[in-house]
Amino acid sequence: MIDQSTFLLDFTLFSRTKIKLLTQLAKQLQTGTRPLVVCTPNPEQIVQSISNKGFGHNLRTADVLVPDGVGLVWASRLLSRRTQQLPLTERIAGSDLVSEILTSTVFSGTALVVGGREYAGRTLQTAARKFVVGDAPLFWTAGYDDIEKQSPAEEQELVELLKRLRPSIVFVAFGAPQQEEWIFKHKQLLDSVGVRLVMSVGGAFDMLLGLVPRAPIWMQNFGLEWLFRLVQQPWRWRRQLRLLQFIAVVTKEFIRPRSRRPSQA
Ligand code: UDP
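Analysis parameters
Residues numbered from 1 in each chain as written. Predicted model: local features only at pLDDT ≥ 70, side-chain atom pairs only at ≥ 80, totals over all residues. Heavy atoms only, no water. Axes fitted to C-alpha atoms, helices over the stretch in contact; angles between N-to-C directions. Helix = DSSP H or I, 4+ residues; strand = E, 2+ residues; numbered from the N terminus. Parallel < 35°, antiparallel > 145°, perpendicular 65-115°, else oblique. Contact = heavy atoms within 4.5 Å. Nonpolar A, V, L, I, M, F, W, Y, C, P; charged D, E, K, R; others polar. Near = heavy atom within 4 Å. Polar contact = N/O pair within 3.5 Å; in protein donor to acceptor, adjacent residues only side chain to side chain. Areas by Shrake-Rupley, 256 points an atom, 1.4 Å probe, with all protein chains shown as cover. Salt bridge = Lys/Arg side-chain N within 4 Å of Asp/Glu carboxyl O. Buried < 20%, exposed > 50% of the residue type's maximum accessible area, 1.4 Å probe, protein only.

Peer 1: Please clarify how the packing of helix α2 (residues 43–51) against helix α3 (residues 53–61) should be interpreted in this entry.
Peer 2: Between two packed helices, both the angle of their axes relative to each other and the distance between the axes serve to describe the pair. Packing of α2 against α3 brings their axes to within 5 Å, and their N-to-C directions diverge by 125°. Judged on the interaxial angle alone, α3 and α2 are oblique. Where α2 abuts α3, its residues Gln45, Gln48, Ser49, Ile50 and Ser51 lie against Lys53, Phe55 and Gly56. Looking at the contact of α2 with α3 residue by residue, the classes come out as two nonpolar, five polar and one charged.

Peer 1: Can you help me understand the site of the ligand in this one?
Peer 2: Around the ligand, the structure places 17 residues, and the nearest of them are Gly116, Glu118, Ile147, Asp206 and Arg236. In this structure, Ile147 approaches the ligand through a main-chain N or O atom, which is 2.7 Å from an oxygen atom. Interatomic distance of 2.7 Å between a side-chain N/O atom of Asp206 and an oxygen atom of the ligand. With the chains in place, 87% of the 550 Å² that the ligand exposes on its own is no longer accessible. Residue composition of the shell around the ligand, grouped by class: four nonpolar, six polar and seven charged.

Peer 1: Looking at this model, I keep getting lost on the pattern of salt bridges. Mind explaining?
Peer 2: Opposite charge on two side chains permits pairing when their charged atoms draw close. This structure, assessed with the given rule, holds ten salt bridges. The residue Asp96 makes a salt bridge to Arg214 at a minimum N-O spacing of 2.8 Å. Of this pair, Asp96 sits in helix α5 (residues 94–103) while Arg214 is found in the loop between α10 (204–208) and α11 (217–221), placing the two residues 118 residues apart along the sequence. By relative accessible area, Asp96 is classed as partly exposed at 24%. For Asp146, the salt bridge identified is with Lys149, shortest N-O distance 3.6 Å. Judged by its relative accessible area of 63%, Lys149 falls in the exposed class. Beyond isolated ion pairs, a larger network of salt bridges with shared partners links Asp68, Arg91, Asp96, Arg214 and Glu225.

Function cannot be read off these values alone, since they describe shape.
Below you can see the structure in the form of structure tokens.
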């Protein structure tokens, strides 16, 4: 049901505007019959997927890949010269998408955030009062103390919460690639409790709740949000080296000799 896409480095990305995406997601919530999986890859994650095949598979299995990184838009513009396909229209930041889903009146039903273990002291109730999905509040559970060490008791509690709440929307905030893995592992359960939209959101709520400041608009417009995050969270430097790898991957793809059609003769 989600149409319009651009094929980039083996991934099919949503290529239209954020407004068009929101319209399609709202329709999905009203008429969808199964959970629509929305993932929000950025250039770092595209590089990560080269060495982590399982992660790459999960991304490719998602129903919608939202380009959450200006590097993807730039790469699509460059590579479109080779492929003749339309480049991505715009970067769609996961945190903008979440915030608009939560504040728009066209979205109805209960929403649950799974993950974001630092949200405890922040009382998500504050956010729940601010962000209301239709008439229903936004619920939150950290899910696990450590996503790498999930205990059966935590899993059981989470399953019971999902069965009790029966949310329409689930935002998964464990960071990549764990959040995508969690989504596919729980897809059947999500379907059985009536979830219609499940989205990987990384640290989007860290920003929405004010735990991490968001880059000023001018930096976002210049495509420098990654630099702002690096200054705020210097421990990201190792992850952000992947941006250099991304440039190398795109360049290699751009200069790669075109494959010739086999001779007709
Ligand atoms: N997180 C979590 N449990 C864990 C590890 C991480 O809930 O065991 C949360 C963490 O609190 C943060 C989110 O996962 O809110 C990951 O955000 P990150 O900034 O790494 O994601 P990005 O936006 O870079 O994809």
